[in-house]
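Coordinates in review
As a plain string of letters, each chain reads:
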Amino acid sequence: MLDRTGLIVTANTPAPLTFLDSVLRGIGQVMLQNNAYAGVLFLIGIFLNSALFGGGVIVGTVVSTLTAQALGAKTSDVRAGLFGFNGALVAIALLYFLEPNALTWGCVVLASACSTVLMAALMQLFKVFNLPVLTAPFVFTSLGFFLAIARFGRLQSTQQLPTAGLPQSTAVEGIVTHTTVIEGLLGGVAQVFFQASVLTGVIFVAALLISSWRACVMALLGSLLGVLIAWGMGAAEPAIRAGAFGFNSVLTAIALGSVFLRPGLGALVYTALGCAATTVVYAGLSAALEPIGMPAMTLPFVLVTWVFVAATPLFARLRAA
Amino acid sequence: MLDRTGLIVTANTPAPLTFLDSVLRGIGQVMLQNNAYAGVLFLIGIFLNSALFGGGVIVGTVVSTLTAQALGAKTSDVRAGLFGFNGALVAIALLYFLEPNALTWGCVVLASACSTVLMAALMQLFKVFNLPVLTAPFVFTSLGFFLAIARFGRLQSTQQLPTAGLPQSTAVEGIVTHTTVIEGLLGGVAQVFFQASVLTGVIFVAALLISSWRACVMALLGSLLGVLIAWGMGAAEPAIRAGAFGFNSVLTAIALGSVFLRPGLGALVYTALGCAATTVVYAGLSAALEPIGMPAMTLPFVLVTWVFVAATPLFARLRAA
Amino acid sequence: MLDRTGLIVTANTPAPLTFLDSVLRGIGQVMLQNNAYAGVLFLIGIFLNSALFGGGVIVGTVVSTLTAQALGAKTSDVRAGLFGFNGALVAIALLYFLEPNALTWGCVVLASACSTVLMAALMQLFKVFNLPVLTAPFVFTSLGFFLAIARFGRLQSTQQLPTAGLPQSTAVEGIVTHTTVIEGLLGGVAQVFFQASVLTGVIFVAALLISSWRACVMALLGSLLGVLIAWGMGAAEPAIRAGAFGFNSVLTAIALGSVFLRPGLGALVYTALGCAATTVVYAGLSAALEPIGMPAMTLPFVLVTWVFVAATPLFARLRAA
């Protein structure tokens, strides 16, 4: 039996069907949607761009969800996809930044399993602070494997991984036009799953719309804010067009604007401030990671959202959702 | 109506006067003094050295305090200047390390507002540990903007920002004389606000004396310890003279020696150990930040004071104030 | 009066004898053994390899334990060696990476004292999370002093300290044979104390066996797993042979497999996953620390064990010991 978020599990629901629904919700949770239909559409959007990444998302989500079940995690958390989204992202990140050979697939399995342990650890620690874990397990697990390239001769990176260097001040590069803004807007949504495709971005927007109109609106506003602030500060045009400055603020906007705060004018202004901070932190973190040749991934979203959610109880004008 | 720390607010006090007093206390809190007169003297000391930095401190403190009020922060916290000192420091740091053009002033406003959110977040998280936030929001907010220079072409640094490089072992440079020690002693106090001026240092010492004789004595002892340890370890003479090795231990000494511990012989020895640790951590952190070309600012003080305050409950010979 | 872990203290036990027992337990705690006999054997193993390091361990453990007593730490914690093991490691690390002159010995005393304050701070903070501190105080205190080399001209490093550089991908180097595996297996145990000696490794294994057969078995399995995973991933043969990829997983295996989890099949599989994660994190962290020229020391063990222990309450198949 289905409802608007996915499968309703009863005593008669076969286990594989329940598991499939958990996995799809896990994929939906990458954009904070506990919604199996969003998961299906995310998967379609990815497969349209790349079968490798689509397959990776399935493997990663299945492994991290299975690990949680095998270790005896709480059923409601597994069902909500909470042990799936970090595995999904770890898998796609490893296949994006490492040569997709047998060792890398082995690492995908190992890393997805580890992401579940890290997720449980952070859930337990963050209970004290009443904070969400977000995609931190994905970021730290991936960083561990990418950094290990420098010691493990059989681990080979792709061209996508930045080369280690020292950060330097930069000049304005390229001219931003209306196509930069439009492609950057949709690219920012697609880049949440490392997809550089406007079409994939459109399908992701549709996926969000099915799950929550507010999340959809916030995602687009967040991406737009990321593009505009990066433009105003003089970021390189190709990076803006690719959505590099948008995907973190997409997630911050969804999180603050549609999940963790009670909607209202105060929440809207606060979310905008959070998106601005996310864009600056993205620029800063991606520079800070240059000496070790690492990408920032969704760490800017994670850090800014932790701060903005943690501050909420002290601000009477804002209320937690 | 005034008392020895500033304005006493009654039902009849006009709002702008109350706000002015909160802002001045915010400036005083940069050296942990909830004292409007100390704030006034700090401001005078800064303006004597530079109108730009003086103006920056006012803008930063006003914006961060207003942000807290607009979001509905607790009145007693706003009145005590708790949402002012990080804004003050963020503003002066941005104007010190970035070219003071229109975009930088825009960043000063944005960063001061963000420092208030980070302050609230850390206050909320640190309640669990019964720890003070100190100037951590200033440090992390500033680092975010400075690092972003490498991605944003319109953000331009001044000569003051270190160039990214790899840390290397060093040789002893220059000869320390009695003028090094005296200038370093007062320079260390002035550098808390990024001011390289002995006169400003003298005024800051007077500001502390008005607020608390113990804070004043501790500040001088902390600065002296920083100078002597750096000298003994073979730090470069120009850096010792400029107060670079002193400003963090000034703050550690005020915090441990006059604010967070009950005074006594045990507290004095413990404070001295904290100042020694701060000087080493300053040297270490400023080297660790070389590959990303960033200054350590007051992070050494923050880290060491967190550790030394957090440890207090386990040491029966020490007592929290 | 002695029992199987060391001295039983009564009203008549002379203070110096009690203190000696506390110090020996502190040395034993480097491998999580509250056992004075293990401490004696560790000391013998170290002295057989180097009198300098043996003397350093004694000085470091004595200073950190005395500091805890002087500040009034809880007697049961001091007696269990909890304020000794970080001092032991700090001392040996400083003597390993810094030229052993008078200033370095002064730093050993200062750093050992600081490690006790950091230990107390983390014990207090981690009470909230019910997590063990492990060797984090050793790692962070040592890093502070090593990094300070770049600012302090009188602090001189030995050849052992890595030179700062940018991490790069690597090729497989050397051929692993059965002697690589055997030497790596025992070297991994010896490297916990920075000793590159198979004989010392054998004595350490004996020390563990006296204290706990399970800890001994786990240490060997952890070291073996580290060697095998590093080999499989293509790590350099000389590093595998030296035990570089094993000493962190030795500690993770002892911690997860014999101290913090109730033994069982689930715990065994979970420990193996933790050892695999530790080996990857060791490779990653040692690369991440290249730009600042720092060694990873036991930080990989600390981080992975924190995560795997913190996650335990959420996994019904595992139970805390």
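Throughout, residues of each chain are indexed from 1 in the direction in which the sequence is written. Lettering of chains starts at A and numbering of ligands starts at 1, both following the order in which they are written. Reporting of local features is limited, given that this is a predicted model, to residues whose pLDDT is at least 70; pairs of side-chain atoms are given and counted only at 80 or more, and all residues count toward the totals for whole chains, interfaces and linings. With hydrogens and water stripped out, all remaining heavy atoms of the structure feed into the side-chain values.

**Here we look at the packing of aromatic side chains**
- The criterion for an aromatic pair is that two Phe, Tyr or Trp rings (for Trp, the six-membered ring) have centres within 6.5 Å, with stacked assigned to planes under 30 degrees apart, edge-to-face to planes over 60 apart and tilted to the rest. Tallied over the full model, the rule gives 51 aromatic pairs over all chains.
- Ring geometry for A:Phe42 and A:Phe193: centres 5.3 Å apart, planes at 55 degrees, overall tilted. Of this pair, A:Phe42 sits in helix α2 (residues 36–49) while A:Phe193 sits in the loop between α8 (178–190) and α9 (198–211); the two residues are 151 residues apart in sequence, bridging distant segments of the chain.
- The classification of residues rests on relative accessible area computed with a 1.4 Å probe and restricted to protein chains. Under 20% of the type maximum is buried, over 50% is exposed, and intermediate values are partly exposed. The class for A:Phe42 is buried, based on a relative accessible area of 0%.
- Owing to a relative accessible area of 0%, A:Phe193 belongs among the buried residues under this scheme.
- An aromatic cluster is present here, built from A:Phe126, A:Phe129, A:Trp306, B:Phe126, B:Phe129, B:Trp306, C:Phe126, C:Phe129 and C:Trp306 joined pairwise through their rings. Put simply, DSSP marks the helices as runs of H or I at least four residues long and the strands as runs of E at least two long, and each gets a number from the N terminus on.

**Points about the interface of chain C and chain A**
- Each partner contributes residues to the interface: chain C has 41 residues there, and chain A has 38 residues.
- Here chain C meets chain A over a buried area of about 3,200 Å², counting both sides, of which 76% is carbon and sulfur.
- Two parts placed together each lose some accessible area under a 1.4 Å probe, and the buried area is that loss summed for both. Broken down residue by residue, the surface that chain C buries against chain A is led by C:Met233, C:Leu314 and C:Phe315, which jointly contribute 22%.
- Take a side-chain nitrogen of Lys or Arg and a carboxyl oxygen of Asp or Glu: if they are within 4 Å of each other, that pair is a salt bridge. For the interface between chain C and chain A, the tally reads one salt bridge.
- A salt bridge links C:Glu290 to A:Arg151; the shortest N-O distance between them is 3.3 Å.
- Residues adjacent in sequence count toward polar contacts only when both atoms are side-chain atoms; beyond that, a polar contact is any pair of N or O atoms within 3.5 Å, and within protein one must be able to donate a hydrogen and the other to accept it. For the interface between chain C and chain A, the tally reads eleven residue pairs in polar contact (both at pLDDT 80 or more).
- At the level of secondary structure, the elements contributing two or more residues to the side of chain C that touches chain A comprise α10 (213–233), α13 (265–288) and α14 (299–311) of chain C.
- Among the elements that take part in the side of chain C that touches chain A, α13(C) stands out by supplying eleven residues, more than any other. Should any heavy atoms of two residues lie within 4.5 Å, those residues are counted as being in contact.

**Quick look at the pattern of salt bridges**
- Scanning all chains against the criterion turns up 15 salt bridges over all chains.
- Residues A:Arg25 and A:Asp21 are paired through a salt bridge, measuring 2.6 Å at the closest nitrogen-oxygen approach. Of this pair, A:Arg25 and A:Asp21 both sit in helix α1 (residues 15–28), four residues apart, which is roughly one turn of that helix. Of the two residues examined, A:Arg25 and A:Asp21, each falls in the buried class.
- When the shortest N-O distance is used, the salt bridge between B:Arg79 and B:Asp21 registers 2.9 Å. Here B:Arg79, found in helix α4 (residues 75–79), pairs with B:Asp21, found in helix α1 (residues 15–28); they are 58 residues apart in sequence, far enough to count as distant. The same class applies to B:Arg79 as to B:Asp21, namely buried.
- Beyond isolated ion pairs, a larger network of salt bridges with shared partners links A:Asp21, A:Arg25 and A:Arg79.

**So, the relation of the copies chain C and chain A**
- Alignment of the copies relies on least squares applied to C-alpha atoms, considering only residues that score at least 70 for pLDDT in both. Overlaying chain C with chain A gives an RMSD of 0.0 Å, the required rotation being 120 degrees about an axis along which the chain moves by 0.0 Å. Such a combination of turn and shift is consistent with a three-fold rotation axis. In terms of proximity to the rotation axis, the leading residue of chain C is C:Pro291, whose C-alpha is 3.7 Å off the axis.

**Details of the interface of chain C and chain B**
- With 38 residues of chain C in contact, the opposing surface of chain B contributes 41 residues.
- At the boundary of chain C with chain B, total buried surface from both sides reaches about 3,200 Å², with 76% on carbon and sulfur atoms.
- Per-residue buried area on chain C facing chain B is highest for C:Leu71, C:Arg151 and C:Phe152; these three make up 22% of the total on that side.
- Across the chain C-chain B interface, the total number found is one salt bridge.
- For the interface between chain C and chain B, the tally reads eleven residue pairs in polar contact (both at pLDDT 80 or more).
- Here the side of chain C that touches chain B takes 14 residues from helix α6 (residues 102–127) of chain C, the largest share from any one element.

**So, the relation of the copies chain C and chain B**
- Between the two copies, chain C and chain B, the superposition gives an RMSD of 0.0 Å; the rotation angle is 120 degrees and the shift along the axis is 0.0 Å.
- When the interface residues of chain C are mapped onto chain B, a mere 11% of them are again interface residues, pointing to distinct binding faces.

**Describing the side chain of B:Thr180**
All names here are of chain B.
- With respect to the helices and strands, the residue Thr180 is situated in helix α8 (residues 178–190).
- Looking at Thr180, the relative accessible area reads 0%, which means it is buried.
- Setting aside residues up to four positions removed in sequence, Thr180 forms contacts with Ile175, Glu237, Ile240 and Arg241.

**Points about the environment of B:Leu268**
- Mapped onto the secondary structure, B:Leu268 falls in helix α13 (residues 265–288).
- For the pair B:Leu268 and B:Ala253, spaced 15 residues apart in sequence, the C-alpha to C-alpha distance is 9.1 Å.

**Side note on the environment of C:Gly153**
- Among the secondary structure elements, C:Gly153 is positioned in the loop between α7 (136–148) and α8 (178–190).
- Once the C-alpha coordinates of C:Gly153 and C:Leu143 are considered, the two residues, ten residues apart in sequence, prove to be 17 Å apart.
- Not counting residues up to four positions away in its chain, the partners in contact with C:Gly153 are B:Thr170, B:Ala171, B:Val172, B:Met233, B:Gly234 and B:Ala235.

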